[in-house]
Amino acid sequence: MSYLPYLLAVWIFLVGLFGIVRSRNFIHLVVCLSVTQSSTYVLLLSIGYVKGGTAPIFKDVKPGTKAVDPVVQALTLTDIVVSVTVAALLLSLAILGKHRAGTMDPEELHPMQG
Amino acid sequence: MTRRIRLTVFGVAAAGFAALLIWGTLGIPDFGHYRGRYGQILNHAAVNERQTTNTVTAIVFDYRGLDTMGEEFILFASVTGVALLLREQRKDVPRPRDEVRSEAVRAIGICLVPAVLTLGLWVVAHGAITPGGGFQGGVILSATFLLVWLAGSLRTYVRLTPTPYVDLTEGTGVGGFVVTGLIALLIGMPFLHNLLPYGLAGKLSSGGSLPILNWATGLAVTAAFLLLYSEFLEERSFVIAGKHK
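Since the structure is predicted, the reported quantities are computational estimates derived from the model, not experimental observations.

Caption draft 1: Geometry of the overall build of chain A. Within chain A one finds three helices and zero strands. From first element to last, N terminus to C terminus, chain A shows the α and β order α-α-α. Computed over its C-alpha atoms, the radius of gyration of chain A comes to 19 Å, more than 25% above the 13 Å expected for a compact globule of 114 residues. Seen through its C-alpha atoms, chain A measures out along the principal axes to roughly 65 × 30 × 20 Å. Taking contacts inside chain A between residues at least 6 apart in sequence as the whole, the part at least 24 apart equals 51%.

See below:
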């Protein structure tokens, strides 16, 4: 079962992608994109996990204690905050789409409407 | 392309993609047996080399500071995009009357505001020592202001977060990060080189120029989230006022 966390990341990614493809609403689409994105967090954190390791913070434990990988944690941490602002950008595009085209359904949008 | 055809095409592609992904993950070392050296080396080095007990923060603001600058630019670009898209001609929009809320909610909210503010400042300040840092603390700090809106009123929120000042704070945060890097360049060091005395691990002053980058990021993230809240709340007033069709 040592591959379960990786397979979980694959599953989250595909479920999110499936949601994007069959989406009928822009807000739903942005949420699905966030789900897809969160699969990378699961993948990164599970790759960096070291069995029996502590958090990579050596305030109360001696430096040199077995710890999980800090690099993937740093990647995940910045990614989470940045992904929220990108989601906000997409949501504001959805608001503009609603104002201009009067619909939240991607399928009702005509291609290249002037 | 009809919906059915699109879903069929996606199904075929997704099945192939899933097979590739699963095949790929089988090549990764077993869960819990990561063998990458870089992180482990930094785990051993950060405390002695930079007097930073939180290795993650040492990576974010020191060893890989350049990557973090890239992330901050994404943050900055997205927030600027939101402001550009939503900040239209929205002057003179009557603010919606705040619905009367229960006094209990109001009281709890008011009690929580100083607590959340302190927590946010604490998380940013201790970024180099315990879990936390500019990114996490910045989000908590912005939540303080959101709490003012939730438990108080939009009017108070707007008065507390004047847009020009929030814009300025956002720029100062991101700009401060870049300027700190440039100062190192000016005195002949590599960009973003940690040039201040590292101090003693576990103290607030430890980490050299790391706390400066940390606070700059804290400012940038707080201001970025405040900008997002303001834009969406203004948009809400606009819709409630019936200015859109």
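Caption draft 2: Spatial organisation of the overall build of chain B. Across its full length, chain B holds nine helices and zero strands. Put simply, chain B runs from its N terminus to its C terminus through helices and strands in the order α-α-α-α-α-α-α-α-α. A globule of 245 residues ought to have a C-alpha radius of gyration of about 18 Å, yet chain B, at 23 Å, is considerably larger. In chain B, of all internal contacts separated by at least 6 residues, the share reaching a separation of at least 24 is 72%.

Caption draft 3: Broad picture of the interface of chain A and chain B. Taken together, the contact pairs 42 residues of chain A with 51 residues of chain B. Broken down by secondary-structure element, the contributors of at least two residues to the side of chain A that touches chain B are α1 (4-21), α2 (26-48) and α3 (70-101) of chain A. Considering each element in turn, the side of chain A that touches chain B owes the most residues, 17 residues, to α3(A). Class assignment of the residues belonging to the side of chain A that touches chain B gives a composition of 29 nonpolar, nine polar and four charged.

Caption draft 4: Looking closely at unusual backbone geometry. Residue and element names in this part refer to chain B. In this structure, Gln51 is a non-glycine residue whose phi angle is positive, near 55°. In this structure, Gln51 sits in the loop between α2 (37-50) and α3 (55-63). Judged by local crowding, Gln51 falls into the buried class, with 22 C-beta atoms found within 10 Å. With a phi angle near 65°, Leu192 is a residue other than glycine that sits in the positive phi range.

Caption draft 5: Expanded view of the nonpolar core. Ile59(B), Ala220(B) and Ala224(B) are the most contacted members of the largest nonpolar core, which totals 56 residues. Among the secondary structure elements, those contributing two or more residues to this core are α3 of chain A together with α2, α3, α4 (65-86), α5 (103-125), α6 (134-151), α8 (163-186) and α9 (210-240) of chain B. The biggest single contributor to this core is α9(B), with 13 residues. Counting six residues, the second largest nonpolar core, distinct from the first, contains Tyr6(A), Ala9(A), Leu43(A) and Leu21(B).

Caption draft 6: Region of interest: α3(B). The buried fraction of α3(B) is high, at nine of nine residues. Taken together, the buried positions of α3(B) are Thr55(B), Val56(B), Thr57(B), Ala58(B), Ile59(B), Val60(B), Phe61(B), Asp62(B) and Tyr63(B). The secondary structure elements touched by the buried residues of α3(B) are α3 of chain A together with α2, α4 and α9 of chain B.

Caption draft 7: Molecular detail of the packing of α4(B) against α8(B). All names here are of chain B. Following both chains from N to C, one finds α4 and α8 inclined at 155°, their axes separated by 11 Å at the closest point. Classed by the angle they form, the pair α4 and α8 counts as roughly antiparallel. Handedness of the crossing formed by α4 with α8: left-handed. Contact with α4, carried on its side by Met69, Glu72, Phe76 and Val79, involves Glu170, Val174, Phe177, Val178 and Gly181 of α8 and no other residues of that element. Counted by class, the contact of α4 with α8 contains six nonpolar, one polar and two charged residues.

Caption draft 8: Representation of α5(B). Residue and element names in this part refer to chain B. For α5, built from 23 residues, the straight-helix expectation of 33 Å at 1.5 Å per residue is met to within 8% by its first-to-last C-alpha distance of 34 Å. Leu112 marks the point of greatest bend in α5, at about 30°, and the proline Pro114 comes within the next four residues. Along α5, the positions that sit buried rather than exposed are Gly120, Val123 and Val124. Tucked into the core, α5 has its buried residues touching α6 and α9.

Caption draft 9: Local environment of the confidence of the model for chain B. Looking at chain B as a whole, the pLDDT averages 89, with 94% of positions reaching at least 70. The ipTM, which scores confidence in the relative placement of chains, is 0.88 for this predicted complex, and the corresponding pTM is 0.90.

Caption draft 10: Structural detail: the environment of Ser142(B). Residues and elements named next belong to chain B. Summarising the element assignment, Ser142 is placed in helix α6. Looking at Ser142, the number of C-beta atoms within 10 Å reads 23, which means it is buried. Separated by 104 residues in the primary sequence, Ser142 and Tyr38 place their C-alpha atoms 34 Å from one another.

How each quantity is defined
- Residues numbered from 1 in each chain as written.
- Chains lettered and ligands numbered in written order.
- Predicted model: local features only at pLDDT ≥ 70, side-chain atom pairs only at ≥ 80, totals over all residues.
- Helix = DSSP H or I, 4+ residues; strand = E, 2+ residues; numbered from the N terminus.
- Rg over C-alpha atoms; globule rule 2.2 N^0.38 Å.
- Contact = placed C-beta atoms within 7 Å.
- Nonpolar A, V, L, I, M, F, W, Y, C, P; charged D, E, K, R; others polar.
- Buried ≥ 20, exposed ≤ 12 C-beta atoms within 10 Å, placed from the backbone.
- Core = buried A, V, L, I, M, F, W, Y, C linked by C-beta atoms within 7 Å.
- Axes fitted to C-alpha atoms, helices over the stretch in contact; angles between N-to-C directions.
- Parallel < 35°, antiparallel > 145°, perpendicular 65-115°, else oblique.
- Left-handed = near helix turned anticlockwise from the far one by under 90°.
- Expected span 1.5 Å × (residues − 1).
- Bend = angle between axes of the 7 residues up to and from the residue.
- pLDDT = per-residue confidence, 0-100.

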